Amino acid sequence: MLAIDRPLVVGIINVTPDSFSDGGRYHERDAAVAHAARLLEEGADILDIGGESTRPGGASPVDPAEELRRVLPALREIVRRHPGAVVSVDTVKSLVATAALDEGAHIVNDVSGLRLDREMGAVCAARGAGVVVMHSRGGVAEMGSLAHATYGNDVAAEVARELGERVEAAHAAGIPSDAIVLDPGIGFAKTTEHSLQTLAAIPLLAAGGRPVMVGCSRKRFIGEITGVADPARRVMGSIGAHVAALALGARLFRVHDVRASREALDVAWQIVCRATGSGRHRAVRPPSS
Ligand code: HH2
């Protein structure tokens, strides 16, 4: 079991035809495998491999056979080359989760929070997987849009309540409490204001004692605040969001830019530990000359 007593960096590996330019199955697999090696070298604690995009506009549902064709060859090779690596599979499909867990993945990251596939909870429970239960609304094609972004006057309370229902479903399926990580689903059925209010309420989510994960990396709200249109150039804004989330109680961070996030979160963590008098921190001494 992976101890979550410091910030854990979850490096994103997308194995979708549009994620690694110039396409082609073997190229896709090899690019994903090379990307995994780079993310581990840069300090990722967990590799999150996904074969279905939830981007608004870019997302059309992928059938399970196609998702398996995308994810499994890369996953298999990554596990073979890095037997010590902790791997999660980003999927809403129990078929894909089952195959990935059988190939050596340890965690299922379900952006539907076990909503969209009735077998998902049982599959995770039977295989003793860690489970990221993320908040979202609607199906895969619309969850990244604003189609269901209707909330009353307390968005964070609604997100926490809906996540609570998903945790109940996880328990009912036999997933133990200590296998569950909560994720408020930043940008999923959320405007920029909704995402900011949800992030600001991380202490509410963390109060239940379960680890909280956030994914702010390169997201639309970062672009709206900073005015940076190109997602690949949103690294500084993304790190700002993640450092604030760490200070508020988040412990897992799903990121594209691993090295920069690793360094920022490790430094922020040393301060957070001293401020709260808890957690693991080390004495930092100036280098001897
Ligand atoms: N966000 C995306 C996909 N999976 N999983 C978790 N647990 N939390 C998230 O916030 C999350 C997720 C969507 O991110 P997007 O920027 O649309 O694509 P990418 O997969 O490149 O991050």
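Details of the structure are given in the entry above.
Novice: Teacher, can you tell me more about the site of the ligand here?
Specialist: What surrounds the ligand is a group of 16 residues, the closest being Asn14, Arg55, Asn109, Asp183 and Lys219. Asn14 has a polar side-chain atom sitting 2.7 Å from an oxygen atom of the ligand. Within the side chain of Asp90, a nitrogen or oxygen atom sits 2.9 Å from a nitrogen atom of the ligand. Contact with the protein chains hides 92% of the accessible area of the ligand, taken as 470 Å² for the molecule alone. Taking a 2 Å distance to the grid points as the criterion, the majority of the atoms of the ligand fall inside the largest pocket. Those elements that provide at least two residues to the shell around the ligand are strand E1 (8–14) and strand E5 (130–134). Class assignment of the residues belonging to the shell around the ligand gives a composition of six nonpolar, five polar and five charged.

Novice: What's the story with the layout of surface pockets in this structure? I'm lost.
Specialist: Gaps left between atoms are located by rolling a probe of water-molecule size over the structure's atoms. Size it by volume and the largest pocket reaches roughly 1,100 Å³. Asn14, Arg55, Ser217, Arg254 and His256 are the residues nearest the centre of the largest pocket, which is lined by 47 residues in total. Those elements giving two or more residues to the lining of the largest pocket turn out to be E1, helix H1 (25–41), helix H7 (192–200) and helix H9 (220–226). Taken together, the residues of the lining of the largest pocket break down into 13 nonpolar, 19 polar and 15 charged. Approximately 520 Å³ is the volume attributed to the second largest pocket. Together, 27 residues line the second largest pocket, and Met1, Leu2, Gly130, Asp178 and Ala179 are the ones closest to its centre.

Novice: For this particular structure, what's the right way to read helix H6 (residues 155–172)?
Specialist: Note on helix geometry: an α-helix contains 3.6 residues per turn, so any two residues three or four positions apart are oriented the same way. For H6, which comprises 18 residues, the first-to-last C-alpha distance of 26 Å matches the rise-based estimate of 26 Å (1.5 Å per residue) to within 8%. Within H6 the residues assigned to the buried category are Val155, Ala156, Glu158, Val159, Glu162, Leu163, Val167 and Ala170. Considering only its buried residues, H6 is in contact with E5, strand E6 (180–183), H7 and helix H8 (202–206).

Novice: What is the right way to read unusual backbone geometry from this model?
Specialist: Across residues other than glycine, the phi torsion is negative in most instances, and most of the peptide bonds are trans. Its identity is not glycine, yet Ala189 carries a phi of approximately 55°, on the positive side. For Ala189, the location among the structural elements is in the loop between E6 and H7. A positive phi angle, near 60°, is found at Arg218, a position not held by glycine.

Novice: Would you explain helix H10 (residues 235–248) in this entry?
Specialist: When the terminal C-alpha atoms of H10 are compared, their 20 Å separation across 14 residues agrees well with the 20 Å that a helix rising 1.5 Å per residue should span. Considered for burial, the residues of H10 that qualify are Val235, Ser238, Ile239, Ala241, His242, Ala245 and Leu246. Down the axis of H10, the buried side of the element spans an arc of 160°, and every buried residue falls inside it. More than 90 degrees from the buried face of H10, the exposed residues found are Met236 and Ala247.

Novice: Explain the sheet that holds E1 to me, please; I cannot follow it from the model alone.
Specialist: Hydrogen bonds between backbone groups are what pair the strands of a sheet, and the pairing can be parallel or antiparallel. Reading across from one edge, E6-E5-E4-E3-E2-E1-E8-E7 is the order of the eight strands in this open sheet, with parallel pairing throughout. Lying at the two open borders of the sheet, with one neighbouring strand each, are E6 and strand E7 (213–214). When E1 meets strand E8 (residues 252–255), the two strands line up parallel, connected through four bridges. Within E8, the position partnered with Gly11 by the bridge is Val255. Together, E1, strand E2 (46–50) and strand E3 (86–90) form the strand contacts of helix H2 (residues 64–81), whose direction differs from that of E2 by roughly 155°. On the sheet, helix H11 (residues 258–276) packs against E1 and E8 and is oriented at approximately 170° with respect to E1.

Novice: Help me out: how do you make sense of the pairing of E2 in this one?
Specialist: When a strand is regular, its side chains alternate between the sheet's two faces. Most of E2 sits inside the fold, with five of its five residues counted as buried. Direction of pairing for E1 relative to E2: parallel, over a ladder of five bridges. Residue Val10 lies in a different strand from E2, and its bridge partner there is Ile46. Bridge count between E2 and E3: five bridges; the pairing is parallel. Within E3, the residue paired with Ile46 across the bridge is Val86.

Novice: Please explain the side chain of His135 as it appears in this structure.
Specialist: With respect to the helices and strands, the residue His135 is situated in the loop between E5 and helix H5 (140–143). At a separation of 2.8 Å, a polar atom in the side chain of His135 contacts the side chain of Glu162. Separated by 2.8 Å, the side chains of His135 and Lys190 make a polar contact. When sequence neighbours within four positions are dropped, the list of residues in contact with His135 reads Val111, Tyr151, Val159, Glu162, Leu163, Asp183, Pro184, Gly185, Phe188 and Lys190.

Conventions we followed
Residues numbered from 1 in each chain as written. Predicted model: local features only at pLDDT ≥ 70, side-chain atom pairs only at ≥ 80, totals over all residues. Heavy atoms only, no water. Near = heavy atom within 4 Å. Polar contact = N/O pair within 3.5 Å; in protein donor to acceptor, adjacent residues only side chain to side chain. Areas by Shrake-Rupley, 256 points an atom, 1.4 Å probe, with all protein chains shown as cover. 1 Å grid on protein atoms, 1.4 Å probe; cavity = no way out; pocket = protein on both sides within 12 Å on 5 of 7 lines; lining within 4 Å. Sits in = over half its atoms within 2 Å of the grid points. Helix = DSSP H or I, 4+ residues; strand = E, 2+ residues; numbered from the N terminus. Nonpolar A, V, L, I, M, F, W, Y, C, P; charged D, E, K, R; others polar. Points joined across faces, edges and corners; volume = space filled by probe spheres on them. Expected span 1.5 Å × (residues − 1). Buried < 20%, exposed > 50% of the residue type's maximum accessible area, 1.4 Å probe, protein only. Contact = heavy atoms within 4.5 Å. Arc of directions from axis to C-beta. Pairing = 2+ DSSP bridges. Axes fitted to C-alpha atoms, helices over the stretch in contact; angles between N-to-C directions.

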